[in-house]
Amino acid sequence: MPSDQAFFHYSVISYFLIAPPTFISCQFTTAPYGKHHRKGWGPTISPPLAWFLMESPTLWFTLLLFPLGQHRSDPKSIILISPFIFHYFHRTIIYPLRLRRKLSNGYPISVALMAFTFNLFNSYLQTRWVSEYADYRTDEWFWWRFCVGLAVFLGGMAVNVKSDMELMKLKSAGGGYKIPRGGFFELVSCPNYSGEIVEWLGWGLMTGSWVGLGFFVYTCANLVPRARANHKWYMGKFGEDYPKGRKAVIPFVY
């Protein structure tokens, strides 16, 4: 469909156009949830419900679009989309269930709606590339790229999930916020964000596409400033007790 192809093309370009202003704006405004919860962003809902609703397009929209692609029955296409669905099954279903009764602050509906819109946009791009526009017949490097990218992806996801679980354990223990310790927390303040960034680097390698690269770039534009804000929050709250050598999101660097 030429109209869809044109829309897809310009949507990919827009990914790279919105990343710089996102990065810049996030330097000055931190999304008001979690440690940075504050009033003034409208009504809120429970964080588990917010995470479920705003991440849900990555499952239902992906599964709705995928069968419409010309490669819907191609084993390479099915295998390639699987890590994407695997990640978002955890983020949409498992993660909200683990959040139950661990967070007291509400999640602004306005922020959840912005995330919902982004996930619709991103699910469209990733799914249409994998199921329609990727060229599997002439891609001689597919399996090599997929295996390397998958190893990177799974390594990042392991760090992301383990770090999230450690943070939830600290929260459920009561007594307010504490300094996370052990594992990758000894290197960076936000290994959960580091892991997610690595995940989407692996996805970019697996897809070998501008679409995958765009998602990785946008993830960095969104999460790196938030990691920096979290790092500053930790230092402000714990002062001299906070580990001096710990970076924000990139070990030994930033």
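None of these values were measured; they are calculated from a predicted model. (Residues numbered from 1 in each chain as written. Predicted model: local features only at pLDDT ≥ 70, side-chain atom pairs only at ≥ 80, totals over all residues. Heavy atoms only, no water.)

### Section: the overall build of the chain
Thinking step 1. Across its full length, the chain holds eight helices and two strands.
Thinking step 2. When its helices and strands are written in sequence order, the chain yields α-β-α-α-α-β-α-α-α-α.
Thinking step 3. Since a compact globule built from 254 residues should have a radius of gyration of about 18 Å, the 19 Å found for the chain is in line with a globular shape.
Thinking step 4. Counting all 254 residues of the chain, 47% fall into the buried class.
Thinking step 5. Sequence-distant contacts in the chain: of pairs separated by 6 or more residues, those separated by 24 or more amount to 84%.
Thinking step 6. Of the roughly 13000 Å² of accessible surface on the chain, a fraction of 68% belongs to carbon and sulfur atoms. (Helix = DSSP H or I, 4+ residues; strand = E, 2+ residues; numbered from the N terminus. Rg over C-alpha atoms; globule rule 2.2 N^0.38 Å. Buried < 20%, exposed > 50% of the residue type's maximum accessible area, 1.4 Å probe, protein only. Contact = heavy atoms within 4.5 Å. Areas by Shrake-Rupley, 256 points an atom, 1.4 Å probe, with all protein chains shown as cover.)

### Digging into the UniProt feature "domain: 3-oxo-5-alpha-steroid 4-dehydrogenase C-terminal" (unreviewed entry) in the chain
Thinking step 1. Here, UniProt's "domain: 3-oxo-5-alpha-steroid 4-dehydrogenase C-terminal" (unreviewed entry) annotation points to residues 106–254.
Thinking step 2. With 68% helix and 1% strand, the stretch residues 106–254 has end C-alpha atoms that lie 30 Å from each other. (UniProt positions renumbered as here; feature names shortened; annotations may be inferred.)

### A look at a nonpolar patch on the surface
Thinking step 1. Where nonpolar side chains cluster on the molecular surface, the patch consists of Y10, I13, L17 and I18 and spans about 400 Å² of accessible area.
Thinking step 2. By the element assignment, L17 lies in helix α1 (residues 2–28).
Thinking step 3. Owing to a relative accessible area of 59%, L17 belongs among the exposed residues under this scheme. (Patch = residues over 30% accessible without salt bridge, like charges linked within 9 Å, V, L, I, M, F, W, Y side chains within 5 Å. Salt bridge = Lys/Arg side-chain N within 4 Å of Asp/Glu carboxyl O.)

### Details of the pattern of salt bridges
Thinking step 1. Counted according to the given criterion, the structure contains eight salt bridges.
Thinking step 2. A salt bridge links D164 to R91; its shortest N-O distance comes to 3.4 Å. Remark: R91 occurs in helix α4 (residues 75–99) and D164 occurs in helix α6 (residues 142–172); sequence separation between them is 73 residues.
Thinking step 3. Take D164: its relative accessible area is 7%, and that puts it in the buried class.
Thinking step 4. Between R246 and E186 there is a salt bridge, with its nearest N and O atoms 3.9 Å apart. With a gap of 60 residues between them, R246 in the segment after α8 (210–238) and E186 in the loop between α6 and α7 (191–207) connect regions that are remote in the sequence.
Thinking step 5. On the basis of relative accessibility, which here comes to 42%, the residue E186 falls in the partly exposed class.
Thinking step 6. Overlapping salt bridges, with partners in common, bring together R91, D164 and E196 in one network.

### Description of the state of the cysteines
Thinking step 1. Inspection of every chain in the model, using the stated rule, returns zero disulfides.
Thinking step 2. With no disulfide of its own, C190 lies 13 Å from the sulfur of C26, the closest cysteine sulfur.
Thinking step 3. Under the relative-accessibility criterion, C190 is labelled buried at 1%.
Thinking step 4. Not part of a disulfide, C220 finds its nearest cysteine sulfur in C26, a span of 12 Å. (Disulfide = S-S within 2.5 Å.)

### Quick word on the packing of aromatic side chains
Thinking step 1. By the definition in use, this model includes 29 aromatic pairs.
Thinking step 2. Aromatic side chains Y33 and Y107 sit 4.9 Å apart centroid to centroid with 25° between the ring planes, which places their arrangement in the stacked category. Taken as a pair, Y33 in the loop between α1 and β1 (44–45) and Y107 in strand β2 (residues 107–108) lie far apart in primary sequence, 74 residues in all.
Thinking step 3. For Y33, a relative accessible area of 16% gives the class buried.
Thinking step 4. Connected via pairs of aromatic rings, a cluster forms that spans Y15, F84, Y88, F118, F121, F153, W200, W203, F215 and Y218.
Thinking step 5. Sitting above the plane of the Y95 ring, R91 keeps its charged end 4.5 Å from the centroid. (Phe/Tyr/Trp six-rings, centres within 6.5 Å; stacked < 30°, edge-to-face > 60°. Lys NZ or Arg CZ within 6 Å of the ring centre and 35° of its normal.)

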